[in-house]
Amino acid sequence: MPAAPFIIIAIDGGAASGKSSSSKILAERFNLLHVDTGSFYRHLTAELLARQVAASDPDALQAALGAIQLTTRLDGRSACMLIDGRPAGDEIRGAEVNAHVSHYAAIPAVRSALLAYQRGQVDVAQAHGFRGLVMEGRDIGSVIFPAADFRFFLHADPVERAKRRAAEGRQDSITERDRLDSSRKTSPLTCPVGATDIDTTDLTLEQVVNRMAEAIATKLPPA
Ligand code: DC
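Residues numbered from 1 in each chain as written. Predicted model: local features only at pLDDT ≥ 70, side-chain atom pairs only at ≥ 80, totals over all residues. Heavy atoms only, no water.

**Student:** Can you explain the pairing of strand 1 (residues 7-13)? Please cite residues and give values.
**Tutor:** Counting buried positions along strand 1 gives seven out of seven residues, so the element sits mostly inside the fold. Here strand 1 shows a buried face lined by Ile 7, Ile 9, Ile 11 and Gly 13 and a second buried face lined by Ile 8, Ala 10 and Asp 12. Sheet topology note: the strand 1/strand 5 (residues 132-137) ladder contains six bridges and is parallel. Along strand 5, the bridge assignment pairs Ile 8 with Leu 133. For strand 1 and strand 6 (residues 150-155), the ladder comprises five bridges, and the chain directions are parallel. Looking at the pairing, Ile 11 lines up with Phe 152 of strand 6. (Buried < 20%, exposed > 50% of the residue type's maximum accessible area, 1.4 Å probe, protein only. Helix = DSSP H or I, 4+ residues; strand = E, 2+ residues; numbered from the N terminus. Pairing = 2+ DSSP bridges.)

**Student:** Before we move on, could you go through the environment of Arg 177 and cite the residues and values that matter?
**Tutor:** Mapped onto the elements, Arg 177 comes out in helix 9 (residues 174-183). In this structure, Arg 177 is in contact with Ala 15, Arg 42, Asn 98, Val 101, Ser 102, Arg 138, Arg 165 and Asp 172, ignoring residues within four places of it in sequence. (Contact = heavy atoms within 4.5 Å.)

**Student:** Let's hear about the nonpolar core: which residues, and what values?
**Tutor:** By size, the foremost hydrophobic cluster in this structure holds 37 residues, and its most contacted members are Leu 33, Leu 44, Leu 61, Leu 133 and Phe 145. Ranked by the residues each element gives to this core, the list is headed by helix 2 (residues 37-50), at six residues. Sequence-distant contacts of Leu 44, that is, excluding residues within four places in its chain, are made with Leu 65, Ile 68, Met 81, Ile 83, Val 110 and Leu 114. (Core = buried A, V, L, I, M, F, W, Y, C linked by side-chain atoms within 4.5 Å.)

**Student:** With reference to specific residues and values, describe the site of the ligand.
**Tutor:** Residues in contact with the ligand amount to 17 residues; listed here are only the nearest, Arg 42, Arg 111, Arg 177, Asp 181 and Arg 184. One nitrogen or oxygen atom from the side chain of Thr 37 is found 3.1 Å from a nitrogen atom belonging to the ligand. Asp 139 places a side-chain nitrogen or oxygen 2.9 Å from a nitrogen atom of the ligand. Protein chains bury 97% of the 450 Å² of accessible surface belonging to the ligand in isolation. Considering every element that reaches the shell around the ligand, the biggest residue donor is helix 2, with four residues. Across the shell around the ligand, the residue classes tally to four nonpolar, four polar and nine charged. (Near = heavy atom within 4 Å. Polar contact = N/O pair within 3.5 Å; in protein donor to acceptor, adjacent residues only side chain to side chain. Areas by Shrake-Rupley, 256 points an atom, 1.4 Å probe, with all protein chains shown as cover. Nonpolar A, V, L, I, M, F, W, Y, C, P; charged D, E, K, R; others polar.)

Right under this line is the structure:
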């Protein structure tokens with residue numbers, strides 16, 4: 001019997017568009033590594049803030065980015081990025097990181113520091129026997145894995161997204177982050193040509209997942 005193919009699924013979209021919830025379920029259903037690249041940008045932002053490296057100081061940024069070591073630990077099916085051996089803390093979902101992450105993420109040197117690390121998650125997934133990976137972010141289908149087997153782009157009405165964050169008990173500057181993430185020069189948030197665009201505003205999580213799972217099942221039977 002031929003070996004099952006290794007599948008790469010890219011899910012991009014704005015804040016609270018449904019990426020994390022749906023990609024975790026897909027990872028479970030198809031036995032995939034789940035990679036939340038937003039958590040990588042958040043962790044790196046928290047680290048730079050802790051080191052008092054300003055986004056406006058290119059030399060200090062370059063020095064800090066060149067000095068840190070990025071490795072991966074698994075947390076269930078999810079890839080957890082370690083910086084110099086340390087996992088992210090709860091502060092990566094807090095107000096300070098929310099306010100700064102899009103500013104750091106707009107800097108080309110910051111994006112380059114994470115590029116190879118993100119692509120390297122394929123090796124992590126293969127080393128742990130996963131059948132593929134599902135990676136969520138802003139530029140996965142456009143920059144990180146433009147040749148991914150499946151590329152989805154999720155979007156939803158801002159009012160609905162704010163409700164979702166409130167239901168999670170979280171405060172988030174969704175609209176402002178989307179504005180910054182969409183308007184930056186390097187790897188902006190955009191629906192890449194050829195990606196499947198899904199408006200999740202009036203869909204349940206189950207409906208969103210099923211829509212993606214139907215497509216994926218044409219290449220990979222559920223685990
Ligand atoms: O997915 P999230 O909302 O946790 O992401 C936090 C921020 O990280 C987001 O506002 C922009 C940045 N980000 C990015 O620029 N590129 C990615 N692939 C993922 C996240």
